[in-house]
Amino acid sequence: MDVKKIGMIGTGSMGGMMSLLFAEHGIHTHYYDPSKKNVEALQSHAKESKHEDKITQHDDHKSLCEALEDGDNPKVFMFSIPHGGPADDSMDALEPYLKPGDIIMDASNEHWKATERRQARLEPKGIHYIGMGVSGGYQSARHGPSISPGGSKEALDKVFPFLQKIACKDTKGRPCVAKLGPGGCGHYVKMIHNGIEHGMMTALCEAWAIMNIGLSMDYEEIGAVFERWDGDKENPLRDNFLINICADICRTKDEKGNYVLANVRDKVVQDVDNSEGTGTWSVQEGTRLHVPDPTIAVSHLFRVASADAARRQTVKKALEGKEVKPGRIEGVDKDKFMDDLYNAVYASFLMCVIQGLHVLSKANEENDWKLDFADVLQLWRKGCIIQSDGVVDLLETVYRSREHDNDDLLGHKKIAGELAKTYPSLKTVVLKAIEFDLHAGALGASLEYYKYSGSTELPTQFQEAELDYFGAHMFELKTAQPGKPVTGDHHFEWKPARGILETDD
């Protein structure tokens with residue numbers, strides 16, 4: 001299918017930039033957006049980039065659909081709107097003008113179950129609905145994003161040439177898009193991407209504070225460190241998008257010559273105000289599927305705790321000067337400690353990705369999506385927020401080996417070897433952070449994840465005994481072969497239950 005014109009619903013930061021991207025590829029974008037601000041911004045960008053002839057505004061859905069009519073060819077739409085109700089409202093408005101064969105690509109950060117509900121609604125009418133994650137922020141939306149589409153084979157086959165055209169290309173020229181599978185798997189993969197992203201960002205902000213507060217390094221010095229980390233082609237954090245932008249963030253100044261970062265308040269609100277749901281959903285999915293993803297979960301809780309700055313201020317006042325204040329790290333060789341910090345961030349990044357992939361693997365089994373995990377990694381090669389070539393290179397090697405287990409990547413020797421090498425550094429950094437009251441929630445969660453994932457002597461032995469004591473929940477004997485997560489077959493009567501009138505006599 002040769003897409004020559006497309007209907008864009010929603011032209012905020014992502015939708016507006018994608019509209020310009022389509023125009024640059026010769027695709028006429030007809031769009032509808034009730035926001036006057038969004039309309040004015042897109043028209044201004046279109047004028048500046050000389051794409052006015054390829055970008056046309058419409059005041060209602062009827063006019064938009066009429067402009068997309070082209071004989072027997074199906075109409076193609078793309079949503080770039082807030083998750084939840086807005087997409088349902090848009091479908092209600094569009095549906096009277098849709099015909100069999102028409103295609104809607106939902107490029108919003110939508111919940112995968114909502115995607116499947118809409119697919120079920122439209123499928124009997126012959127209308128295709130593709131749940132399609134788009135990653136990379138508005139900069140990548142302008143130049144070519146990473147795209148994770150999921151839907152019927154017929155729909156994916158039709159739009160795939162178009163998606164290959166607009167997707168970001170990796171260093172080998174391969175598009176960062178794949179026909180992932182049916183149902184809501186596309187939005188699920190994007191949700192997992194964002195959970196990993198939040199884990200990585202929290203580990204990085206902890207590393208930044210360790211350098212800035214713990215080591216008294218100024219912004220320029222920290223920016224140089226991040227630039228070196230990203231640019232060293234021989235090391236595992238090479239070509240990492242987040243580390244790359246960290247260097248820019250540390251060095252950027254406003255028109256008065258002040259560092260922009262210095263005046264940014266320490267709160268992340270996107271989860272709490274529900275403008276971004278994917279982080280919350282990814283943590284919920286890990287819990288629902290009984291997959292340990294502590295780095296991702298702790299990072300989410302840290303973001304949520306940061307959101308209410310007023311509450312934190314109230315607690316600080318109540319402590320009357322006894323609040324915990326991060327201090328300067330003492331008793332370390334700075335050069336050696338910086339090497340440890342690099343390894344700690346790498347270990348945490350690798351474990352974030354592994355945790356996300358483990359959740360994805362369980363969902364894949366549950367829904368029979370038949371995902372190709374090498375395809376998933378290709379999406380994350382370039383154009384997305386979690387782009388990290390060294391990490392993806394390692395995981396691609398693992399997935400292409402015969403002995404890997406999608407549910408237990410830590411059990412692969414290559415990954416186990418990498419984490420064993422970085423463990424001493426991760427432990428050193430976390431211990432120093434704790435000693436001097438610096439924040440290390442994500443780094444610490446990664447450390448504990450590594451420790452308990454490979455241990456056969458966990459303190460949960462005692463917890464299992466407690467459960468059997470008061471609930472007769474049964475336990476497995478140590479003399480038995482280590483079993484799968486099923487109830488043990490042994491109970492001990494720790495203390496017999498008695499009636500209120502019964503005595504030991």
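As named in an unreviewed UniProt entry, the protein chain is 6-phosphogluconate dehydrogenase, decarboxylating, taken from Pseudoneurospora amorphoporcata. Turning to the protein chain, the UniProt record has this under Catalytic activity (unreviewed entry): "6-phospho-D-gluconate + NADP(+) = D-ribulose 5-phosphate + CO2 + NADPH".

Q: I'd like a description of the packing of helix H14 (residues 334-367) against helix H16 (residues 389-399), backed by residues and values.
A: One can describe the packing of H14 onto H16 by two numbers: an axis separation of 11 Å at closest approach and a directional angle of 45 degrees. With respect to each other, H14 and H16 are oriented oblique. When the axes of H14 and H16 are compared, the crossing they make is right-handed. Residues Tyr-346, Leu-350, Val-353, Ile-354 and Leu-357 of H14 pack against Val-391, Leu-394, Leu-395 and Tyr-399 of H16. When grouped by side-chain class, the residues that make up the contact of H14 with H16 number 9 nonpolar, no polar and no charged.

Q: Provide a residue-level description of the nonpolar core, including the pertinent values.
A: Nonpolar side chains in soluble globular proteins generally cluster together in the buried interior. Counting 85 residues, the largest nonpolar core has Tyr-188, Phe-226 and Trp-380 as its most contacted members. In terms of residue count, the dominant contributor to this core is H14 (18 residues). Counting residues in each nonpolar core, the second largest holds 34 residues, with Met-18, Ala-23, Val-76 and Leu-156 among its members.

Q: Could you give me a rundown of the UniProt feature "domain: 6-phosphogluconate dehydrogenase C-terminal" (unreviewed entry) in the protein chain, with the residues and numbers involved?
A: With numbering aligned to this structure, UniProt lists the feature "domain: 6-phosphogluconate dehydrogenase C-terminal" (unreviewed entry) at residues 186-495. Overall, residues 186-495 shows 61% helix and 0% strand. The separation of its end C-alpha atoms is 53 Å.

Q: Could you give me a rundown of the pairing of strand E6 (residues 128-135), with the residues and numbers involved?
A: On any regular strand, side chains alternate: one points to one face of the sheet, the next to the other face. Most of E6 sits out of view: 8 of its 8 residues are buried. Burial along E6 is two-sided: His-128, Ile-130, Met-132 and Val-134 facing one way and Tyr-129, Gly-131, Gly-133 and Ser-135 facing the other are all buried. Strand direction decides the pairing type here: strand E5 (residues 103-106) and E6, joined by 4 bridges, are parallel. Paired with Met-105 across the bridge in E6 is Ile-130. With helix H5 (residues 112-122) bridging E5 and its parallel neighbour E6, the resulting β-α-β unit is right-handed. Direction of pairing for E6 relative to strand E7 (residues 146-150): antiparallel, over a ladder of 5 bridges.

Q: Help me get a handle on the pattern of salt bridges, residues and values and all.
A: Scanning the entire structure with this criterion turns up 38 salt bridges. For the salt bridge of Arg-142 with Glu-24, the shortest nitrogen-to-oxygen distance reads 3.1 Å. Here Glu-24 lies in helix H1 (residues 13-24) and Arg-142 lies in helix H6 (residues 137-143), a separation of 118 residues in the sequence. Relative accessible area serves as the criterion here: at 14%, Arg-142 is assigned to the buried category. Since its relative accessible area comes to 47%, Glu-24 is described here as partly exposed. Taking the shortest distance from any N to any O, the salt bridge between Glu-435 and Lys-432 comes out at 3.4 Å. Placement of the pair is Glu-435 and Lys-432 together in helix H17 (residues 413-435), with a separation of 3 residues, close to one helical turn.

Rules used throughout
The residue count restarts for each chain, going from 1 along the sequence in the order it is written. The predicted nature of this model means local features are confined to residues of pLDDT at least 70 and side-chain atom pairs, given and counted, to a pLDDT of 80 or more, with totals for whole chains, interfaces and linings taken over all residues. Side-chain numbers here rest on the full set of heavy atoms in the structure, without hydrogens or water. UniProt positions are given in the numbering used here, feature names are shortened, and annotations may be inferred rather than shown by experiment. In this analysis, axes come from line fits to C-alpha atoms, helices being fitted only over the stretch in contact, and the angle between any two N-to-C directions falls in the range 0 to 180 degrees. Where helices and strands are cited, they refer to DSSP runs of H or I of at least four residues and of E of at least two residues respectively, numbered from the N terminus. For classification purposes, an angle smaller than 35 degrees is called roughly parallel, one larger than 145 roughly antiparallel, one from 65 to 115 roughly perpendicular, and anything else oblique. A clockwise turn of the near helix away from the far one marks a right-handed crossing, whereas an anticlockwise turn of less than a right angle marks a left-handed crossing. In this analysis, two residues are considered to be in contact whenever any of their non-hydrogen atoms come within 4.5 Å of each other. Three classes are used, and their members are as follows: Ala, Val, Leu, Ile, Met, Phe, Trp, Tyr, Cys and Pro are nonpolar, Asp, Glu, Lys and Arg are charged, and the others, Gly among them, are polar. Nonpolar cores are built from buried Ala, Val, Leu, Ile, Met, Phe, Trp, Tyr and Cys residues. Side-chain atoms within 4.5 Å join them into one set. Type-normalised accessible area, obtained with a 1.4 Å probe on protein chains alone, sets the label of each residue: buried when under 20%, exposed when over 50%, and partly exposed for intermediate values. A strand pair is defined by DSSP finding two or more bridges across the two strands. Assignment of crossover handedness uses the view with strands pointing away from the viewer, where a clockwise path from the first strand over the helix to the second indicates a right-handed crossover. We define a salt bridge as a side-chain nitrogen of Lys or Arg found within 4 Å of a carboxyl oxygen belonging to Asp or Glu.

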